[in-house]
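As a plain string of letters, each chain reads:
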Amino acid sequence: MLIRRREDIPFSEITPKSVYLNRRKFLAGIPPAFLAARAAKAGMKLPGLAKSPFSTTEKITPYKDVTTYNNFYEFGTQKDEPSKWAQGFKTSPWTVSLEGEVTRPRKFSLDELLKLAPLEERIYRHRCVEGWSIVVPWVGYSLSALLQQSQPTAKAKFVEFQSFFNSGQMPHAAGIQFPYAEGLRLDEAMHPLAFLCFGMYGETLPPQDGAPVRLVLPWKYGFKSIKSIIRIRLVGSQPATTWNMENSHEYGFYSNVNPHVDHPRWSQATERRLGEFFKRPTLMFNGYDQVASLYAGMDLKKYF
Ligand code: MTE
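Rules and cut-offs
Residues numbered from 1 in each chain as written. Predicted model: local features only at pLDDT ≥ 70, side-chain atom pairs only at ≥ 80, totals over all residues. Heavy atoms only, no water. Helix = DSSP H or I, 4+ residues; strand = E, 2+ residues; numbered from the N terminus. Buried < 20%, exposed > 50% of the residue type's maximum accessible area, 1.4 Å probe, protein only. Areas by Shrake-Rupley, 256 points an atom, 1.4 Å probe, with all protein chains shown as cover. Pairing = 2+ DSSP bridges. Near = heavy atom within 4 Å. Polar contact = N/O pair within 3.5 Å; in protein donor to acceptor, adjacent residues only side chain to side chain. Nonpolar A, V, L, I, M, F, W, Y, C, P; charged D, E, K, R; others polar. Phe/Tyr/Trp six-rings, centres within 6.5 Å; stacked < 30°, edge-to-face > 60°. Lys NZ or Arg CZ within 6 Å of the ring centre and 35° of its normal. Axes fitted to C-alpha atoms, helices over the stretch in contact; angles between N-to-C directions. Contact = heavy atoms within 4.5 Å.

A. Summary view of the overall build of the protein chain. Counting its secondary structure elements, the protein chain contains 8 helices and 13 strands. Across the 304 residues of the protein chain, 55% fall into the buried class. Accessible surface, the protein chain as shown: approximately 13,200 Å² in total, 56% of it carbon and sulfur.

B. Inspection of the pairing of strand β5 (residues 132–142) at higher detail. Burial runs high along β5: 11 of the 11 residues are buried. Both strand β4 (residues 120–127) and β5 contribute to a ladder of 8 bridges, which runs antiparallel. Among the inter-strand pairings, tyrosine 124 is bridged to a residue of β5, identified as valine 136. Bridge count between β5 and strand β12 (residues 270–273): 2 bridges; the pairing is parallel. Within β12, the position partnered with serine 133 by the bridge is arginine 273. In terms of strand pairing, β5 meets strand β8 (residues 195–200) through 5 bridges, oriented antiparallel. Across the sheet, the residue bridging to glycine 140 is cysteine 197, located in β8.

C. Representation of the site of the ligand within the structure. The full set close to the ligand counts 17 residues, and Tyr73, Glu74, Asp209, Arg214 and Lys227 are the nearest of them. Asparagine 70 is positioned with one of its side-chain polar atoms (N or O) 2.8 Å from an oxygen atom of the ligand. Burial of the ligand by the surrounding chains reaches 100%, relative to a free accessible area of 530 Å². In the shell around the ligand, the residues fall into 8 nonpolar, 5 polar and 4 charged.

D. Just unusual backbone geometry, in detail. Note that the residue after phenylalanine 178, namely proline 179, is joined by a cis bond; omega there is 0°. Structurally, proline 179 is set in the loop between β6 (158–163) and β7 (181–185). Residue proline 212 is bonded to the preceding alanine 211 through a cis peptide linkage, with omega at -5°. In this structure, proline 212 sits in the loop between β9 (203–204) and β10 (214–216). For glutamine 151, which is not glycine, the phi torsion reads 50° and is therefore positive.

E. Inspection of the packing of aromatic side chains at higher detail. Across all of its chains, the model carries 20 aromatic pairs by this definition. Taking 5.4 Å as the distance between ring centres and 65° as the angle between the ring planes, the aromatic pair formed by phenylalanine 75 and phenylalanine 89 counts as edge-to-face. Placement of phenylalanine 75 in the loop between α3 (63–68) and α4 (82–85) and of phenylalanine 89 in the loop between α4 and β2 (95–100) is noted, with a sequence separation of 14 residues between them. Its relative accessible area of 8% is what places phenylalanine 89 among the buried residues. Ring centres of tryptophan 94 and phenylalanine 164 lie 5.5 Å apart, and the angle between their planes is 40°; this geometry places the pair in the tilted category. Pair noted here: tryptophan 94 is in the loop between α4 and β2 and phenylalanine 164 is in the loop between β6 and β7, with a separation of 70 residues, a long-range link. Through pairs of rings, three or more aromatic residues link up here, namely Phe158, Phe253, Tyr254, Phe285, Tyr295 and Tyr303. A cation over an aromatic ring shows up here: lysine 79 above the ring of tyrosine 69, its NZ or CZ 5.9 Å from the ring centre. Lying over the aromatic face of tyrosine 288, arginine 125 brings its terminal NZ or CZ to 4.5 Å of the ring centre.

F. Seen up close, the sheet that holds strand β3 (residues 106–109). Taken together, 5 strands build an open sheet; the order of strands is β3-β2-β11-β6-β7 and the sheet is mixed. At either margin of the open sheet sits one strand with a lone partner, and together these are β3 and β7. Averaged over all pairs of adjacent strands, the angle between strand axes in this sheet comes to 15°, irrespective of strand direction. One ladder, built from 4 bridges, connects β2 with β3; its direction is antiparallel. Each bridged residue has a counterpart across the sheet, and for threonine 95 the counterpart in β3 is serine 109. Here helix α6 (residues 143–150) sits on the sheet and contacts β2, β3, β6, β7 and β11 (229–235); the angle it forms with β11, its principal contact strand, is near 60°.

G. Structural context of the environment of glutamine 162. Among the secondary structure elements, glutamine 162 is positioned in strand β6. Classification of glutamine 162 as partly exposed rests on a relative accessible area of 23%. Apart from the residues within four sequence positions on either side, glutamine 162 is in contact with Pro179, Tyr180, Ile226, Ser228, Ile229, Ile230 and Arg231.

H. The arrangement of the side chain of histidine 191 in detail. In this fold, histidine 191 is placed in the loop between α7 (186–189) and β8. By relative accessible area, which is 13% here, histidine 191 ends up buried. Here the side chain of histidine 191 touches glutamine 290 through a polar contact of 3.5 Å, landing on its backbone oxygen. Discounting residues that sit within four places of it in the chain, histidine 191 has contacts with Trp219, Gln290, Val291 and Leu294.

Set out below in structure tokens:
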């Protein structure tokens with residue numbers, strides 16, 4: 001594969017022209033073994049999803065666009081690579097360890113995670129730092145439901161996330177250091193909008209979109225939404241994060257969607273929905289004003 005200079009790879013590409021062209025409690029009555037079998041395989045129906053009050057009513061981006069135009073550098077740096085190279089990705093068995101500054105450290109199997117809280121469908125806007133956006137019906141529950149299980153100690157101030165990495169399974173990985181790492185302040189992670197995601201469009205996640213479990217943080221640029229998570233660690237100080245380590249001048253720790261703070265190489269004032277021709281204005285916090293109080297008094301130009 002052609003490896004480009006590192007400084008050319010991160011988010012420097014413009015969207016190619018070709019791209020422009022319910023209910024209630026999930027768990028009641030569904031045997032865990034059935035859930036585990038479903039979650040282990042991508043594209044399996046997830047039944048009995050509650051509808052979320054946090055959902056937007058905007059037009060949903062077609063499944064095909066969302067699953068063939070991806071950033072997942074473990075499976076290549078080009079947008080069409082993850083859908084090709086991630087197909088054989090082995091997501092079973094899978095565990096997520098919850099550790100660090102917690103009273104109850106624990107490893108969860110995927111089955112246990114799926115049983116932890118009722119699964120709901122949340123239709124979120126999602127804005128990539130590169131200027132494209134999508135509207136996706138994700139499936140999961142608020143991350144806080146999992147974090148509460150661990151009983152964070154008084155020392156816990158931030159949450160560090162780590163993706164799975166194995167060069168044998170990911171021979172096309174390129175462009176950045178692996179494993180992929182992300183982080184949030186604990187209060188951000190506990191906000192109800194922070195979403196632990198197992199599926200999309202009523203089905204388990206396809207591998208290119210972060211199977212079997214990822215974050216979705218709709219008020220932040222897409223790179224904060226880490227895929228294929230294996231470790232969640234509560235810590236006392238701000239953790240190192242992948243894109244910030246790659247280029248701290250361009251990618252900050254917070255990375256809240258902010259049309260008033262441009263990326264050093266391009267404006268963030270507008271965005272293009274995948275599949276649409278005309279650009280639309282980008283909204284502060286991607287329109288999720290509920291999170292504004294998390295940043296009260298902070299200079300968001302400095303803490304970008
Ligand atoms: N997570 C991992 N592990 N590796 C990645 O390369 N890319 C991020 C984020 N999570 C990435 C990741 C970026 S840059 C974006 S924009 C979103 O995933 C893309 O998610 P999507 O492909 O489901 O739209």
